[in-house]
Structure formats: structure tokens, C-alpha cells
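Here are the chains, one letter per residue:
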Amino acid sequence: MSVVAAKSVVSIQYTLKNGEGETIDASEAGDPLRYLHGAGNIVPGLEEKLEGKKIGDKLEVVVEPADGYGEVSGPGPQALPREAFEGVDPAPGMSFVAEDEDGNQVHLWVLDANEERVVVTPDHPLAGVTLHFAVEIEAVREATAEELEHGHVH
């Protein structure tokens, strides 16, 4: 298998930049990102653009927020007392799942933390950001039954 398609394991080298050209993330040389195509392991806009590509293909992909980490939404950042994080040492960038008043699970991201309070938001740190990927496809193989069952690469 040499074409990116659903149920394939894809290895890519990538650099991710924001609209100002600042590098947000990148794979390490010799250590590509491996993901299960079609399982929602990467942002939808990038996954869509990789569909049908071949080993050796290089591409520049711009992913708008709606197809990346979403638009900024929700009530915005909220400060919570540090005591609410018993047994955890929250730090900026950390994420966790909490329960709202109705018992629903809510994913939250830590924006800031000090000895008294922790500022959280329901938005991913890259929500609202247009993502600029430079990608090279290094390898494509068929996923194992176990990888398909678990929904990620082993």
C-alpha cells in the first residue's frame, strides 16, 4: 500500500506554523508522526488533504479553524480556585476532563495557574488559529486488526 486511504497507517514529517509564520510544532528528523488515517487522529482539514497522496509527496496545506481545532467559543476563560485541583499540579497547556453542573463531561485547557487560582477555557489553545502545514509523506502501510480496533497506531 503506497496511497493514503482509510484504514492505513501514515508516517509524515511536518512543520506547523500560524498565520504569522511562527512555528507551533514540528516532527523531529527521523521521528515522523504516525497516525491511523480516517480515525480522527489528526485535524480533519489536514487528513482530508492527505487522502489519496503517495509516499514522497510534499504539500503545503492551509487549514481554517473550522477544520482544525475549531473556532473560539464557550464562555471564555474562567478562574477556578486552586483547591479544586486536589492531587493535580495544573500548568499552562495541560488539559483535563471535568464534569459540569448537569453531569456532562467537559474538556478544559489550562491557560494560567498560580498558588491561588487556575484559569481554564473550553477552547483548545489553537482554536481560532489558521494552521499552515508543510508535510512530506514518508510511509504508508495497512493498519493491523489491533490498530483498527483501538483506533490508533501501535
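Given the structure is predicted, the values throughout are model-derived calculations rather than measurements.

A. Structural view of the nonpolar core. Counting 19 residues, the largest nonpolar core has L46, L50 and F133 as the members making the most contacts within it. Going through the elements one at a time, strand 1 (8-17), helix 1 (44-50), strand 4 (58-63) and strand 9 (131-142) are the ones with two or more residues in this core. In terms of residue count, strand 9 provides more of this core than any other element does, five residues in total. Listed in part, the five residues of the second largest apolar core include F85, V110, V118 and V120.

B. Expanded view of the environment of G68. Tracing the chain through its elements places G68 in the loop between strand 4 and strand 5 (78-81). The buried category is assigned to G68, whose relative accessible area is 15%. In this structure, the C-alpha to C-alpha distance between G68 and P44, residues 24 residues apart in sequence, is 6.3 Å. Not counting residues within four places of it along the chain, the set of residues in contact with G68 comprises V43, P44, V63 and L131.

C. Summary view of a negative patch on the surface. The grouping of E48, E51, E64, D67 and E71 at the surface amounts to a negative patch. Within the secondary structure, E48 sits in helix 1. Its relative accessible area of 56% is what places E48 among the exposed residues.

D. Fine view of the side chain of S27. Considering the arrangement of structural elements, one finds S27 in the loop between strand 2 (23-26) and strand 3 (33-36). Accessibility expressed as a relative area gives 17% for S27, which makes it buried. A polar atom in the side chain of S27 sits 2.5 Å from the side chain of Q13. At a separation of 2.9 Å, a polar atom in the side chain of S27 contacts the main-chain amide nitrogen of Y14. If near-sequence neighbours (up to four positions away) are discounted, S27 is found in contact with I12, Q13, Y14, P32 and L33.

How each quantity is defined
Each chain has its residues counted from 1, running along the sequence as written. It should be noted that, the model being predicted, local features are given only for residues of pLDDT at least 70 and side-chain atom pairs only at 80 or more, the latter also being counted only at that level, while totals for whole chains, interfaces and linings use all residues. The side-chain values count all of the structure's non-hydrogen atoms but skip hydrogen atoms and water molecules. Throughout, nonpolar core names a set of buried Ala, Val, Leu, Ile, Met, Phe, Trp, Tyr and Cys residues whose side chains join them through atoms within 4.5 Å. Note on exposure labels: buried denotes an accessible area under 20% of the residue type's maximum, exposed denotes more than 50%, and partly exposed covers the range between, all computed with a 1.4 Å probe on protein chains only. Only DSSP runs of H or I covering at least 4 residues are called helices, and only runs of E covering at least 2 are called strands; the numbering of each starts at the N terminus. The contact criterion used throughout is that any non-hydrogen atoms of two residues lie within 4.5 Å. Like-charged residues are merged into a patch within 9 Å and nonpolar side chains (Val, Leu, Ile, Met, Phe, Trp, Tyr) within 5 Å, provided each residue has over 30% relative accessible area and no salt bridge. Values of accessible area rely on a 1.4 Å probe in the Shrake-Rupley scheme; residue burial ignores everything except the protein chains shown. A pair is scored as a salt bridge if a Lys or Arg side-chain nitrogen falls within 4 Å of a carboxyl oxygen belonging to Asp or Glu. Counting rule applied: Lys, Arg positive; Asp, Glu negative; His and chain ends not counted. For this purpose, a charge sits on NZ of Lys, CZ of Arg, CG of Asp or CD of Glu. We define a polar contact as two N or O atoms separated by no more than 3.5 Å, with the added condition that, inside protein, one atom must be a possible hydrogen donor and the other a possible acceptor, whereas residues neighbouring each other in sequence contribute only through side-chain atom pairs.

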